[in-house]
Amino acid sequence: MKEYMGEDFLLQNETAKHLYHTYAEELPIIDYHCHIPPQEIYEDRKFENIAQVWLGGHMKRADGTDYYFGDHYKWRLMRCNGVSEEYITGDKPDRERFQKFCEATEMAIGNPIIHWCQLELKKYFGYTKPINGANAQEIWDICNEKLQNDPKCTVRGLVQSSNVAFVGTTDDPVDSLEWHVKIKEDPTIQVKVCPSFRPDKALNVHMDGFDSYMKQLSEVAGVEINGADSCLKALEKRLLFFVSLGCKASDHGIEEIPYTGADAAKADVAFKKAMANEPVSEQERRDWQSYLMEGLGRMYHDNDVAMQLHYNAIRNTNQKFYEKYGADTGFDAMDAHNCVHGIQGLLSCLTYTNQCPKTILYSLNPSDMDLVATISGCFQCDSDVPSRVQVGAAWWFNDTKDGMVRHLQIVGRLGSLGNFIGMLTDSRSFLSYTRHEYFRRILCNQVGKWVEDGEYPNDEAALKKIVEGICYYNAKRYFGL
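Residues numbered from 1 in each chain as written. Predicted model: local features only at pLDDT ≥ 70, side-chain atom pairs only at ≥ 80, totals over all residues. Heavy atoms only, no water.

A look at the environment of A373
Mapped onto the secondary structure, A373 falls in helix α17 (residues 369–376). Note: C-alpha distance between A373 and H407 (34 residues apart in sequence) is 9.5 Å. Each residue touching A373, except ones within four places of it in the same chain, is listed here: V391, I410 and L414. (Helix = DSSP H or I, 4+ residues; strand = E, 2+ residues; numbered from the N terminus. Contact = heavy atoms within 4.5 Å.)

Put into structure tokens, the structure is as follows:
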């Protein structure tokens, strides 16, 4: 029987152990997509207890309004174990909430949350015993003592001890980016922290609040917005501000990727209806989004900003709990839009004018993986960037052991795996950098398996280049760091 979570966790052959411990383990981390708040990096937040780091929960904004912020992976797991909502997003004491989470992990065999949490406990707190209800008090005491007294366990300490070289946060175009400005001006912050441009609210012409958002964008950008072209002009002004603070990527959390070839006049139909609070049809919504994505894609190309497209998530599925707790609280699922024609149309249009940006494609539905891999291979032409169009890392419900293995196998089979830009956290937690370790172990195991099965030569120089590239150097090159 193998040791639980030992030094060779997930490394199932000798080549894998050699590749991980020799090349992958100590490389810096480029976390090019996450949701951590830059304010907490600047202020070097000190957490009161481990529940605040792992679970988050019910919080209040400066204006006194409620919101919920935390790890919705863990919240879903607790709900699956029959835990009452008062221990998840409610106001129960943190120690009681933590107990409920530890008890829930006992039933979660096969769930990567257990592995992530055990890796975090080992790396940051030196704790190696299993997470369960019986050990909860011991874990609580050890973690909280370090969080309160160890300088390596403040936010900056956690980032530095994780060997993080770059952090790409997720920011709305109307954001003042005040914390990014302060970080940039602070010489004591060694890690590079840059905003990523996420204009979802400008694309969601069919959703409540679009009209007020357009007014806000207009005011911040100093552009009168009266249609699609002026909206793009306002977005471009904000993008240039983001770029001035080091922005390397955009991000789009979009249900589907439409491409209709609509011109500005067609796009404006949806805009005028939305601004008049009239219903916007599906076709009108698609025309607006298609035209804006085309314009945004050109902006990204011209400013050397990578375009990330996250799609096929059906969000806020539980109406009752969405109304009570808001978005990003654990009520999202995989969707099944067929976006291959939309992706093809968008990339083809942008390629035709030599303005296709570096593009990273993520579908939440794993059945799309082969489609995405084959369509990405059609748009690698005339580029000095290897694998300019990437099949993004296994995302959200897919960033499991089997999901990552499947991703690596498909990219290897249908593309150029050696040019893959590697893992990201996509997280709201400062402890989640161990997801890079999790990925690196799985990567080395898969590469080692191919070698030991006689499917790839045991060429030390080539294997070193592949492993180090995927873990660090490819992303460094791709984002121009």
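Next comes the rest of the account.
Brief notes about the pattern of salt bridges
Summed over all chains, the structure comprises 23 salt bridges. D186 is the partner of R156 in a salt bridge, and the nearest nitrogen-oxygen pair spans 3.3 Å. With a gap of 30 residues between them, R156 in helix α8 (residues 155–161) and D186 in the loop between α9 (178–185) and β5 (192–194) connect regions that are remote in the sequence. Residues E256 and R286 are paired through a salt bridge, measuring 3.1 Å at the closest nitrogen-oxygen approach. With a gap of 30 residues between them, E256 in the loop between β6 (249–253) and α13 (264–275) and R286 in helix α14 (residues 282–302) connect regions that are remote in the sequence. Relative accessible area serves as the criterion here: at 24%, R286 is assigned to the partly exposed category. Here the salt bridges do not stand alone but share partners, grouping E256, E282, R285 and R286 into one network. (Salt bridge = Lys/Arg side-chain N within 4 Å of Asp/Glu carboxyl O. Buried < 20%, exposed > 50% of the residue type's maximum accessible area, 1.4 Å probe, protein only.)

As for the side chain of R388
Examined against the element boundaries, R388 turns out to sit in the loop between α17 and β11 (389–391). At 4.5 Å, D384 is the nearest oppositely charged side chain to R388, a buried residue that forms no salt bridge. Within the structure, the side chain of R388 is placed 3.2 Å from the backbone oxygen of C356, a separation counted as a polar contact. Beyond its immediate chain neighbours, meaning those up to four positions away, R388 contacts H301, C356, P357, K358, T359, Q380, S383 and Y478. (Lys, Arg positive; Asp, Glu negative; His and termini not counted. Polar contact = N/O pair within 3.5 Å; in protein donor to acceptor, adjacent residues only side chain to side chain.)

Brief notes about the layout of surface pockets
Taking a probe equal in size to a water molecule and rolling it over the atoms shows the remaining empty space. Quantified by volume, the second largest pocket comes out at close to 370 Å³. If you go around the second largest pocket, you meet 20 residues; those closest to its centre are Y20, E25, E26, K123 and E437. Of all elements in the fold, only α6 (112–125) and α19 (434–452) reach the threshold of two or more residues within the lining of the second largest pocket. In terms of residue count, the dominant contributor to the lining of the second largest pocket is α19 (5 residues). Looking at the lining of the second largest pocket residue by residue, the classes come out as 6 nonpolar, 6 polar and 8 charged. (1 Å grid on protein atoms, 1.4 Å probe; cavity = no way out; pocket = protein on both sides within 12 Å on 5 of 7 lines; lining within 4 Å. Points joined across faces, edges and corners; volume = space filled by probe spheres on them. Nonpolar A, V, L, I, M, F, W, Y, C, P; charged D, E, K, R; others polar.)

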